[in-house]
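Structural description and commentary
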Amino acid sequence: MADSSFDIVSKVERQEVDNALNQAAKEISTRYDFKGTGASISWSGEKILMEANGEERVKAILDIFQSKLIKRGISLKSLDSGEPQLSGKEYKLWSTIEEGISQENAKKVAKIIRDEGPKGVKALVQGDELRVSSKSRDDLQAVQALLKGQDFDFDVQFANYR
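All of the points below concern the structure found in this document.

1. Here we look at helix 4 (residues 137–148)
- If you check helix 4, its first and last C-alpha atoms are 17 Å apart, about what 12 residues at 1.5 Å a residue would give, namely 16 Å.
- Taken together, the buried positions of helix 4 are occupied by Leu-140, Val-143, Gln-144, Leu-146 and Leu-147. Angularly, the buried residues of helix 4 cover 160° about the axis, an arc narrow enough to put them on a single face. Counted as exposed and oriented over 90 degrees from the buried face of helix 4: Asp-138, Ala-145 and Lys-148.
- Of the surrounding elements, those touching the buried residues of helix 4 are strand 1 (4–9), helix 3 (103–116), strand 8 (129–134) and strand 9 (157–159).
- Of the residues that open helix 4, the one with a side-chain oxygen 3.2 Å from the backbone nitrogen of Asp-138 is Ser-136.

Here's what the structure looks like:
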């Protein structure tokens, strides 16, 4: 019998992020406390740009955007935000959506699987994802349960379960 396997990935659906951003922009345009403040949120290339005339307002825009991401099922671990910066008379805040598992994080996950997971389970780093394989499907499910119990500083999903 062939080995069973699954992939550990860190992916974000771009359309869901876009929907969350549009919902946040709509809420900002209709809220009374943002009237006349030049508050906005939009894509700027691959980054998300938030602008307002005050540092607290920019942080409020980020808070609205984060709540919209949560409602759409996107983990905040995949959102990387900087600090508000003064640019002319406006404050700007840049955020990016992180995707993929870095080599060092993939090695950490592989080490956890080796040390704490069932025997006979192999973890192989493939680019920005990790393939986990074993002869026993029960062992693979035990690895998934183990990883769900861990608190990583990046978002983890399981894909291609065969």
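2. Let's talk about the nonpolar core
- Counting residues in each nonpolar core, the largest one holds 21 residues, and the members touching the most others are Ile-41, Met-50, Ile-61 and Phe-65.
- Among the elements of the structure, helix 1 (14–30), strand 3 (47–52) and helix 2 (55–71) are those that each provide at least two residues to this core.
- Top contributing element to this core by residue count: helix 2, with six residues.
- Discounting chain neighbours no more than four positions away, the residues touching Phe-65 are Val-17, Ala-20, Leu-21, Ala-24, Ile-41, Ile-48 and Leu-79.
- In this structure, Ile-8, Ile-113, Leu-130 and Leu-147 belong to the second largest nonpolar core, which totals 17 residues.

The rules behind the values
- Residues numbered from 1 in each chain as written.
- Predicted model: local features only at pLDDT ≥ 70, side-chain atom pairs only at ≥ 80, totals over all residues.
- Heavy atoms only, no water.
- Helix = DSSP H or I, 4+ residues; strand = E, 2+ residues; numbered from the N terminus.
- Expected span 1.5 Å × (residues − 1).
- Buried < 20%, exposed > 50% of the residue type's maximum accessible area, 1.4 Å probe, protein only.
- Arc of directions from axis to C-beta.
- Contact = heavy atoms within 4.5 Å.
- Polar contact = N/O pair within 3.5 Å; in protein donor to acceptor, adjacent residues only side chain to side chain.
- Core = buried A, V, L, I, M, F, W, Y, C linked by side-chain atoms within 4.5 Å.

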